[in-house]
Amino acid sequence: MAEITLKSLAHTYVAKPQSPQDYAIREMTHVWHQGGAYALLGPSGCGKSTLLNIISGLLEPSEGEVLFDGQVVNALPPEARNIAQVFQFPVIYDTMTVYDNLAFPLRNVNTPEQRVRERVTEVADVLELGALLKQKAKNLTADEKQKVSMGRGLVRDDVSAILFDEPLTVIDPQLKWKLRRKLKEIHQRFGITMVYVTHDQLEASTFADKIAVMYEGQVVQFGTPRELFEVPAHTFVGYFIGSPGMNFLEVTVRGRDLYSGDTRIPLDEGLVSAAARSGSNNIKLGIRPEFIDVMHEPGAETLEVEVNRVQDLGTYSIVSCHLGQTPLKVRVEEGQHVEGPRCHVRFVPERVGLYVDEYRVELGQ
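Residues numbered from 1 in each chain as written. Predicted model: local features only at pLDDT ≥ 70, side-chain atom pairs only at ≥ 80, totals over all residues. Heavy atoms only, no water.

## Some remarks on the sheet that holds strand β19 (residues 326-333)
Spatial strand order, β16-β20-β17-β18-β19: five strands in an open sheet with antiparallel pairing. Every other strand in the sheet has two partners, leaving β16 (292-295) and β19 as the edge strands with one partner each. Within the sheet, the average angular offset between the axes of one strand and its neighbour, ignoring direction, is 45°. As judged from the eight bridges shared by strand β18 (residues 316-323) and β19, these two strands associate in the antiparallel manner. Residue Val319 lies in a different strand from β19, and its bridge partner there is Val330. (Pairing = 2+ DSSP bridges. Helix = DSSP H or I, 4+ residues; strand = E, 2+ residues; numbered from the N terminus. Axes fitted to C-alpha atoms, helices over the stretch in contact; angles between N-to-C directions.)

## Focus on the packing of helix α3 (residues 98-107) against helix α5 (residues 142-154)
Interaxial distance between α3 and α5 falls to 7 Å at its minimum, and their mutual angle equals 30°. Comparing the axis directions of α3 and α5 gives the class roughly parallel. As α3 runs across α5, the sense of the crossing is right-handed. On α5, the residues touching Val98, Asn101, Leu102, Phe104 and Pro105 of α3 are Val148, Gly151 and Arg152. (Parallel < 35°, antiparallel > 145°, perpendicular 65-115°, else oblique. Left-handed = near helix turned anticlockwise from the far one by under 90°. Contact = heavy atoms within 4.5 Å.)

## Notes on the environment of Arg277
The topology assignment puts Arg277 in helix α10 (residues 269-278). The exposure class assigned to Arg277 is exposed, which follows from its relative accessible area of 53%. (Buried < 20%, exposed > 50% of the residue type's maximum accessible area, 1.4 Å probe, protein only.)

## Here we look at the nonpolar core
Membership of the largest hydrophobic core comes to 49 residues, with the highest contact counts inside it found for Val120, Leu154, Ile162, Phe164, Ile186, Ile211 and Val213. Setting aside residues no more than four positions away along its own chain, Leu154 makes contact with Arg119, Val123, Leu127, Ile162, Ile186, Ile192 and Met194. Listed in part, the 33 residues of the second largest apolar core include Ile265, Ala274, Ile287 and Phe347. (Core = buried A, V, L, I, M, F, W, Y, C linked by side-chain atoms within 4.5 Å.)

Everything listed is a geometric property; what it means functionally is a separate question.
Following this line, the structure appears as structure tokens:
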């Protein structure tokens, strides 16, 4: 196992980069602590796989350093880093049995055959492959092949880390949940540093203790699933995490109040003061659908909205509405009804976030 440090790391595919937009990975310093379960989460093209390939040694960074336990490994090839990597599509030998596939990484480093049997049996038991050990890999289903591919990464007990690059993409949706839980069990059992790349927030939150959310080549927030949901550090995190994502209202400061269009937003003076001090023209308020209350009567802290649609999802409903020209999503629990073309809502004050130039500003900063 290893602690992996990315120090002033950046990467570009452009010969002579002139601006931050020319970088696939913008300069970052980041640490993956030994034995942790981490996820790299973000949309396609944000730099997730590029970063993973830099860590594994398949790609050398344009700038900065990769360190394993404090030692710079930029020039080391993947095999010298003791990294196991599980790719989107299973990498196995179809003509070999499941047993021989799992044994291959151990035999490749001249592990005694008794130790090979012990490790293969242990890993096969964890992955529920014991009954398949004598089968040829070509006869396996897609999810069984991916489990074998995972097993090849787990079977060596001297690996520094295991890197997963969207490993469940080819798996049947009904089996994904089971394999995600299996990966979590594996991490808890073996305590290996694991980094899991995905664009699926459910996969990330199921597997990882901490998630690094990437956007345009940057890690814009690193935190627990709960932190990402409750206190998004960037507007992209608020939008990307949650279903539906966070509502954002563009606002302006007028005297001692904030306005969305021509609508005054009743908020704490401290938040309004922080917005005024920023001096920015890019100010947003963020509020999750879960933290907007539908009120039966108008009041001093309520806002009138136009209801467009109510989507019944069983245990709760999502109300799509407009506050002036700004669309809002509101989550209401089972049994609560929204009637009429208009209704009144209230933002839970302590759940409203202030975002200046897309980043969250905490009161007192």
